[in-house]
Amino acid sequence: MSAVEALYRDNDFRLLRTQEDPVANASWCFMHATRFPRDAGYRACFSTSLIKEVREFQKRVSDRLTLQSTNGDQRIAHVVLASDADVFNLGGDLELFCRLIKTRNREHLLAYARQCVEGVYGFHEQLNRNMHSIALVQGDALGGGFEAALSCHSIIAESGVGMGFPEVLFDLFPGMGAYSFLCQRVSPRFAEEMMLNGTIYSSDELHRMGVVDVLVPKGEGTQAVHDLIRRNQRISHARTAMNRVRQMRAPVNLAELMQITEIWVDTAMQLGDKSLRTMERLVRAQRKRPQEASAPQLEVVQSAMG
């Protein structure tokens, strides 16, 4: 089976829905696939199963792009990260965090964190030098979900979406790339402020700050992605070169991300009962029925803190 055929054949993915657009040379990856039973307590976070499938998707795309390059196809390729749920992604698996911290299982927590780092770095740099990654954010992106969006070269968000880092509410910080990726978009001082103030910003605010690249009305995100892909195809060499220039000017490397996530793990292992109870309340809030979970996640965070 070729890499292209493998990407079409997504029935072996349980939590992802993938689409291949050969004409646009674009690969789409939708997290939280709709075929997953929504009433089974599914939480739209980065579970180990979801991370594993995202990494497999990235490998298939990378193999296909390598094959294209070998055959002389130097077109710019696009990878789109999106979601089938009402939210983009709620971040790390807090239930897993609580369990590993309580059992003092630093080894497994570090393994989880490293997998997350490899995933975000894949969208940022690792797939192919001719690749441009796009995050399509049509629902709230919190914690690691926001980090995943930030790891992409372009962020397209629909108006009214919430994005931010609630980790400070349980005395932790976002440790899977937030600081490194934010510093490519805002000043280090403001990046630190965003990571420590617990604020959930609207996509409209983040667009004014320069964090979100393209802001569109509700329901127009998918068309905005197609429009961006078409524009990039017309300036493919310039777009690819600018990706490389940005990485040279404000480089993000895998070793740096791994060192930061070690600090995150050590910090997490120090959390006490109060912080763990807050995590558990957030997990319960995330398990609300789908029709209730469509409320802004800022309200979910605030209710969990209550």
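Please read these numbers as outputs of a predicted model, since none were measured by experiment. Every residue gets a number counted from 1 within its own chain, in the order that chain's sequence is written. With the structure being a predicted model, the display of local features is reserved for residues of pLDDT at least 70 and the display and counting of side-chain atom pairs for 80 or more, all residues being used for whole-chain, interface and lining totals. Side-chain numbers come from the whole structure's heavy atoms, not from hydrogens or water.

### A look at the packing of helix α3 (residues 94-102) against helix α12 (residues 273-286)
For helices, the fitted line uses only the C-alpha atoms of the stretch in contact; every axis is such a line through C-alpha atoms, and the angle between N-to-C directions lies from 0 to 180 degrees. Secondary structure is summarised from DSSP: a helix means a run of H or I of at least four residues, a strand means a run of E of at least two, and numbering begins at the N terminus for each. Taken N-terminus to C-terminus, the directions of α3 and α12 make an angle of 150 degrees; their axes are 9 Å apart at the nearest point. Accordingly, the angle class assigned to the pair α3 and α12 is roughly antiparallel. Considering how the two elements wind past one another, α3 and α12 form a crossing that is left-handed. In this structure, α3 uses Leu94, Glu95, Phe97, Cys98, Ile101 and Lys102 to contact α12, whose residues at the interface are Leu276, Met279, Glu280, Leu282, Val283 and Gln286. Each residue gets one of three labels, nonpolar for Ala, Val, Leu, Ile, Met, Phe, Trp, Tyr, Cys and Pro, charged for Asp, Glu, Lys and Arg, and polar for the others, Gly among them. Across the contact of α3 with α12, the residue classes tally to 8 nonpolar, 1 polar and 3 charged. Angles below 35 degrees are treated as roughly parallel, those above 145 as roughly antiparallel, those between 65 and 115 as roughly perpendicular, and all remaining angles as oblique. Handedness of each helix crossing follows the sense of rotation of the near helix against the far helix: counterclockwise by less than a right angle gives left-handed, clockwise gives right-handed. The contact criterion used is simple: two residues touch if any of their non-hydrogen atoms lie within 4.5 Å.

### Examining unusual backbone geometry
Residue Arg104 is not a glycine yet carries a positive backbone phi of 60 degrees. Positionally, Arg104 belongs in the loop between α3 and α4 (106-126). Here Asp171, not a glycine, exhibits a phi torsion of approximately 65 degrees, which is positive. Position of Asp171 relative to the elements: it lies in the loop between β7 (162-164) and α6 (178-182). Relative accessible area serves as the criterion here: at 54%, Asp171 is assigned to the exposed category. Each residue gets one of three labels from its accessible area relative to the maximum for its type: buried under 20%, exposed over 50%, partly exposed in between, using a 1.4 Å probe on protein chains only.

### So, the sheet that holds strand β1 (residues 16-21)
Two orientations exist for strands paired in a sheet by backbone hydrogen bonds: parallel and antiparallel. DSSP calls a pair of strands paired once it identifies at least 2 bridges connecting them. The strand order β1-β2-β3-β4-β6-β9 describes an open sheet built from 6 strands, whose pairing is mixed. If you trace the sheet from one side to the other, it starts and ends with β1 and β9 (214-216), each paired once. Strand-to-strand twist across the sheet, computed as the mean angle between neighbouring axes with direction ignored, equals 15 degrees. Both strand β2 (residues 26-31) and strand β3 (residues 77-83) contribute to a ladder of 6 bridges, which runs parallel.

### Considering the confidence of the model for the protein chain
Predicted coordinates in areas of low pLDDT are best not read in detail. pLDDT runs from 0 to 100 and stands for how confident the predictor is about each residue. Looking at the protein chain as a whole, the pLDDT averages 88, with 88% of positions reaching at least 70. Counting contacts from residues 289-297, a segment whose pLDDT is below 50, to residues more than four positions away or on other chains yields 10 contacts.

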